[in-house]
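Descriptive analysis of the structure
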Amino acid sequence: MARSFLFVVLKGLLLFIVISCSDSEFVSNSEKVITEVNINLDSAAFQKVYDHRDRWEIDSLLPFFHHKDPSFRAFSARIISDIGDGSIAKQLGSLLSDTIPEVRRAALYSLGQLRSPESVPYLMEVFSQQDTMGVDPLAFKYALEGIGKCGDSSYLSALATISTYTYKDTLLLQGQALGILNMAYRGFSHPKATSLMVQFVSDSVYSYNVKLFAAQYLATAKDVSLSEFSQELLDAIENERNPNIRMFLAESLGKTAGDGYAWMSRNFSREEDFRVRIQMLRGALNFSKNRTHALLAKGVRDSNLEVAREAADLIIEHGSSAYSQTYLDWAFANFRKEIKYKIFAIANRYITNNRFRNMNQQLVYQQYNRTTDPYLKSDLIRACGYNPSTLSRLLQWYDEDENLAVRTSIIESVIQITKESSGNLTTAAKDFLVDRWLEADAAAVSLISAFIGENAEFFPELKKRDEKWNLVQQKISMPGGVEAMISLKKAKAAVLGENFDSDFYKVKENYTHPIDWTLYKSLSTSSRAEVNTEKGSFEIQLYTEHAPATVVNFVELAEAGYFNKKPFHRVVPNFVVQGGGNRGDGYGSLDYTIRSELGPEYFDDEGYVGMASAGKHTESQQWFVTHRPTLHLNGKYTIFGKVINNMEVVRQLERGDVIQEINIKY
């Protein structure tokens, strides 16, 4: 009896302690209400919350929605969308009645980031609350932006017909324009939306961001004709001085038919900013075949290497055998080798006369034997991919060259040869691809699995059993091999008729790289990274508050000398330069991954530094710098810094240029 009584007393005491501790953090009716939001990641308490996010512990984050301190409510609401989905929309929606504006804003941004229709009722709720809560411009901005991410096409007309905002309502207009732009990225457009965006770019009273978002919409929206707005757009580009807006206006002129073509023909060579010329070329794809060819032909001869590269790449994808004689003439003409090797690909793809095509191919072989640069070799290998007769030579080169960038290019070209052969996969090509796939190299698995998934009829043996699938899977180490594993599992699901679980890698076993908070505390909001390259140095402002885990990871690698002698393996004209990979071909990771950090920062200018990924939470060591605003990356790729000095060095970087070292300035 005594033991039973003691047990009851202890149990009651323990329950009292638990309730008291819980009340002290989450329920307090007697203490003074805290109204100030102060999120401090130097604090162990906030670090603990962030670690829950880092370990995908949603259930551990949700209780913080009820914390007595609004700093924790706002913080948990903001970061939970990085790891959550539509199933937490209701919990986030409950925070819209919070009395603290920062909490409501965090909840609204995160509801949009869920990109789920489950969020829409809660995003709409904020507009019905304005009588009681008032109009919070930033909260409304997040709600409008979120509707564009989550709502169906029926919401686009409503977004486009809001008429109560004036040019002074900058945040509200930004939200409206972002909402419409997000709809366009999802394939939705509407005449009223198009008309409103033309109004935004045409009137100088609107802010930079509103005009930028509108110009991007006009350039991006599919199946939209802008012919009726020709004069407004011509006036807008003549009056606009900011190249970030001008480039998208120039691209949008491609949708105005004759007027746009006349303007581009007249101004292409006069335009001083090479980035604007590149966007003109992209816009030219909307013209008739002859007009497109005329502008791209100008681009190939442009004095700026990036403009010429873009023109050549566009011709590879959108050329025509109607201009085969021109392409043949180019193959024997005097071009810089970086352009000449792309012209070889153009000639191989579009010249129909076998004798002339073989002449072009002999030039490719000659240049390959003289070239030592692996990235220039890759261009020549790409040219071979448009000529099926080169298969045996490609297989020979694979055995002779140990460079991973070269080998990966050969795999890509063997796959391309199948496409160029009217979908016929030769025995030699199939044997090569299957053998490479079974070796489980990161690039091979990623590329070949995707090909298998799209062309299952070529691989009937893989439809009948799991042995080979399992063999490849067992050779991929996780979490570093996540990109290859994603491709493999997608292909297997497609071939075997199974469901693909896109969250398969989001398990605690893959949490192998915790955040070094001691290192984080040594950093500050003014910390910078100086990147030294062969072309010069540039300086990055590190976003320690916005992306703490990513910044710490970057600093760890830089301080360890990891980036030294690593190449920039990818340069896309007027888009990004990317480096940091450990193979030189863009595939593979280190033996860990880190989480995506997708807070309210926007790729609305050149020079943003982001993490490359193969999907959410697959980042490791590769990073990129943007050449221009890249708004389609918003909320999908981590931004962890911005180039603040010597952006011109970034613009000069080419594939193969090497990072000499990165110095951290604490």
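Let us look at the structure shown here. Given the structure is predicted, the values throughout are model-derived calculations rather than measurements. (Residues numbered from 1 in each chain as written. Predicted model: local features only at pLDDT ≥ 70, side-chain atom pairs only at ≥ 80, totals over all residues. Heavy atoms only, no water.)

**Notes on the overall build of the protein chain**
Scanning the protein chain from N- to C-terminus turns up 32 helices and 8 strands. On the principal axes, the C-alpha backbone points of the protein chain span a range of 100 × 60 × 50 Å. For the protein chain, with 666 residues in total, the buried portion stands at 57%. Across the protein chain, every contact between residues at least 6 apart in sequence was considered, and the portion connecting residues at least 24 apart equals 71%. A total of about 27,900 Å² of accessible surface is found on the protein chain, and carbon and sulfur atoms cover 48% of it. (Helix = DSSP H or I, 4+ residues; strand = E, 2+ residues; numbered from the N terminus. Buried < 20%, exposed > 50% of the residue type's maximum accessible area, 1.4 Å probe, protein only. Contact = heavy atoms within 4.5 Å. Areas by Shrake-Rupley, 256 points an atom, 1.4 Å probe, with all protein chains shown as cover.)

**A word on the pairing of strand β3 (residues 566–572)**
The element β3 is largely enclosed, with a buried count of 5 among its 7 residues. Of the pairings in the sheet, the one linking β3 to strand β8 (residues 658–665) comprises 2 bridges and is antiparallel in character. Bridging from a neighbouring strand, Pro567 pairs with Val658 of β8. As consecutive antiparallel partners, β3 and strand β4 (residues 576–579) are separated by 3 residues, and within that stretch Asn574 has a phi angle of approximately 50°, a positive value. (Pairing = 2+ DSSP bridges.)

**Digging into helix α2 (residues 44–54)**
Counting buried positions over the 11 residues of α2 gives 8, a clear majority of the element. Between the side-chain oxygen of the N-cap and the backbone nitrogen of Ala45 there are 3.2 Å, and the N-cap of α2 in question is Ser43. Two residues or fewer after α2 comes Trp56, characterised by a positive phi angle close to 60°. (Polar contact = N/O pair within 3.5 Å; in protein donor to acceptor, adjacent residues only side chain to side chain.)

**Here we look at the packing of aromatic side chains**
The tally for this structure, following the rule as stated, stands at 32 aromatic pairs. Ring centres 6.1 Å apart and planes at 25° place the aromatic pair Phe64 and Phe72 in the stacked group. For the pair formed by Phe64 and Phe72, the shared burial category is buried. Ring geometry for Tyr327 and Tyr350: centres 5.9 Å apart, planes at 50°, overall tilted. Here the residue Tyr327 occupies a position in helix α20 (residues 324–331), and Tyr350 occupies one in helix α21 (residues 337–350), the gap between them amounting to 23 residues. Tyr350 gets classed as buried once you look at its relative accessible area, which sits at 11%. (Phe/Tyr/Trp six-rings, centres within 6.5 Å; stacked < 30°, edge-to-face > 60°.)

**What about the nonpolar core?**
Among the nonpolar cores identified, the biggest contains 208 residues, and Phe538, Trp623 and Ile662 are the most heavily contacted of them. Not counting residues up to four positions away in its chain, the partners in contact with Phe538 are Ala529, Glu530, Val531, Thr533, Trp623, Val625, Val643, Asn645, Asn646, Val649, Val650 and Leu653. Phe603, Tyr608, Phe624 and Leu633 belong to the second largest nonpolar core, which has 9 residues in total. (Core = buried A, V, L, I, M, F, W, Y, C linked by side-chain atoms within 4.5 Å.)

**So, the sheet that holds β3**
What the 8 strands build is a closed barrel, ordered β1-β2-β7-β5-β6-β4-β3-β8; its pairing is antiparallel. With strand direction ignored, the average angle separating the axes of adjacent strands in the sheet is 35°. The sheet contact formed by strand β5 (residues 608–611) and strand β6 (residues 623–626) spans 3 bridges and is antiparallel. Considered in β6, the bridge of Val609 is made with Val625. (Axes fitted to C-alpha atoms, helices over the stretch in contact; angles between N-to-C directions.)

**A closer look at the environment of Asp466**
Position of Asp466 among the secondary structure elements: in the loop between α27 (442–454) and α28 (467–475). Given a relative accessible area of 32%, Asp466 falls into the partly exposed group. The spacing of Asp466 and Lys492 is 26 residues in sequence and 8.9 Å in space, taken between C-alpha atoms. Contacts of Asp466, omitting those with residues within four sequence positions, involve Lys492 and Leu496.

**Here we look at the pattern of salt bridges**
Scanning all chains against the criterion turns up 36 salt bridges. Between Asp313 and Arg382 there is a salt bridge; the shortest N-O distance is 2.9 Å. With Asp313 in helix α19 (residues 305–318) and Arg382 in helix α23 (residues 374–384), this pair connects stretches of sequence that are 69 residues apart. Exposure remark for Arg382: the relative accessible area of 26% places this residue in the partly exposed category. Residue Lys342 pairs with Asp379 through a salt bridge whose shortest N-O separation is 4.0 Å. Of this pair, Lys342 sits in helix α21 while Asp379 is found in helix α23, placing the two residues 37 residues apart along the sequence. Lys342 sits in the buried class, given a relative accessible area of 7%. Residue classification places Asp379 among the buried positions, given a relative accessible area of 7%. (Salt bridge = Lys/Arg side-chain N within 4 Å of Asp/Glu carboxyl O.)

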